[in-house]
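Chain by chain, the residues run as shown.
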Amino acid sequence: MRGGPRGLTHGRRWPADRGVRPATVRATAGTHPPEFFTKNHARPSPRGRSTRSRRHPMSVLFVTGTGTEIGKTVTTAAIAAAALARGRSVAVLKPAQTGVTAHETGDAAEVERLAGPVTTLELARFPDPLAPATAALRAGLPPVLPQDIAEAAAKLAASHDLVLVEGAGGLLVRFDADGHTLADAARLAKAPVLVVAQAGLGTLNATALTALALRSYGLDSPGVVIGSWPATPDLAARCNLTDLPDAAGAPLLGLIPEHSGALAPDAFRAAAPGWLAPALGGSDAFRIPS
């Protein structure tokens, strides 16, 4: 088996210029607690050693979108920032980074810049801005497989309270020539999938199709986040605040203001909890505009 790094530390990354594989781990990314963001408190073991609560051994959350360029990375950063503010350790896994060369900043690094000290990990990086399967083929590199993603998430979850797995494009974008997708990886990981959607016209159909795909794979979704909420929403965006939960079959859990990624990191971290519902680690003061 192709080897991965021997250990992980905050801010440490996989080599960015080649496809790699994480080392095999014995567990899959396991069951998720009903409340992702309940802090895992250490407790004495029968032999007197401090261990993580067995009730909530790990939390893995996949983040997908209804398309590209809709705010998945900034949404992931907001969730990470909110979790860090609650004292949780966070890892961000980017299975396949496309459209970025070896020396450019990828999505995981952008999450770290905005959110703070998270562990970041890329499994592979492909220079062409294409679907991962096509980008890997053009680069002459091996694709990222669903089991690679699930194993990497499990390894990270063994030492972090929260692992955020940010997909590429939408849920059913192909990762390999056999047609495997992020949904296959989430199913192997037994992890839920958060959906990031657009605010305006057309988002209901795309969100409903994503929700339908999630159900067809037997995957749970905690809800939907609007990845770029406009400062002056039009009629369609305002109506979608009511209609999106029906389309998704899940609650609306966040509104990320447009251009949030341009904020200074300190301002981003201070504001992020207010953009998210408590179910995503956000503020109890979070409200959906009427």
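Residues numbered from 1 in each chain as written. Predicted model: local features only at pLDDT ≥ 70, side-chain atom pairs only at ≥ 80, totals over all residues. Heavy atoms only, no water.

Let us look at the sheet that holds strand β4 (residues 90-98). On the basis of which strands lie adjacent, the open sheet formed by 7 strands has the order β5-β4-β6-β3-β7-β8-β9 and parallel pairing. The open sheet is flanked by β5 (119-126) and β9 (252-257), the only strands paired with a single partner. On average, adjacent strands in this sheet sit at an angle of 20° to one another, irrespective of strand direction. Both strand β7 (residues 193-197) and strand β8 (residues 224-229) contribute to a ladder of 3 bridges, which runs parallel. From the neighbouring strand, V195 faces β8, where its bridge partner is V224. Helix α2 (residues 107-115) rests against β4, β5 and β6 (162-170) of the sheet, and its axis sits at about 145° to β4. (Pairing = 2+ DSSP bridges. Helix = DSSP H or I, 4+ residues; strand = E, 2+ residues; numbered from the N terminus. Axes fitted to C-alpha atoms, helices over the stretch in contact; angles between N-to-C directions. Contact = heavy atoms within 4.5 Å.)

This next bit is on the nonpolar core. If you look at the biggest cluster of nonpolar residues, it comprises 46 residues, and the most contacted ones within it are V60, F62, L93, I149, V165 and I226. The greatest single-element share of this core, amounting to 6 residues, is contributed by helix α4 (residues 146-157). Setting aside chain neighbours within four positions, we find I149 in contact with F62, L93, P95, L123, V144, V165, F175 and A185. Ranked by size, the runner-up nonpolar core spans 30 residues in total, among them A77, A78, A83 and L162. (Core = buried A, V, L, I, M, F, W, Y, C linked by side-chain atoms within 4.5 Å. Buried < 20%, exposed > 50% of the residue type's maximum accessible area, 1.4 Å probe, protein only.)

This brings us to helix α3 (residues 132-139). For α3, the full list of buried residues reads P132, A133, A135 and A136. Down the axis, α3 shows its buried residues gathered within 165° of arc, on one side only. Turned more than 90 degrees from where α3 packs its buried face, L137 and R138 sit exposed. Looking at the buried residues of α3, the elements they touch are β4, β5 and β6. (Arc of directions from axis to C-beta.)

In this fold, K94 is placed in strand β4. For K94, a relative accessible area of 3% translates into the label buried. If we skip the residues at most four places from it in the chain, K94 touches D107, A108, L121, E122, L123, E166, G167 and A168.

Attention now moves to the confidence of the model for the chain. Taken as a whole, the chain shows an average pLDDT of 85; of its residues, 80% reach a score of 70 or greater. Confidence drops under a pLDDT of 50 for residues 1-34, and excluding neighbours within four residues, the segment shows 88 contacts in the predicted structure. In this model residues 38-58 is a low-confidence stretch, pLDDT under 50, and it forms 38 contacts with partners more than four residues away in sequence or in other chains. (pLDDT = per-residue confidence, 0-100.)

Relative to the helices and strands, K72 resides in helix α1 (residues 72-85). In this structure the side chain of K72 is engaged in a polar contact, spanning 3.4 Å, whose partner is the backbone oxygen of G169. Discounting chain neighbours no more than four positions away, the residues touching K72 are V63, T64, G65, G67, E166, G167, G169 and V196. (Polar contact = N/O pair within 3.5 Å; in protein donor to acceptor, adjacent residues only side chain to side chain.)

On to the environment of K72, then. Take K72: its relative accessible area is 8%, and that puts it in the buried class. For the pair formed by K72 and S228, sequence separation is 156 residues and the distance between their alpha carbons is 9.4 Å.

The residue E69 is not glycine, and still its phi comes out positive at about 55°. Structurally, E69 can be placed in the loop between β3 (60-65) and α1. According to the relative accessible area criterion, E69 is exposed, its value standing at 79%. Residues other than glycine seldom take positive phi values, yet K190 does so here, at roughly 55°. As for its placement among the helices and strands, K190 is situated in the loop between α5 (182-189) and β7.

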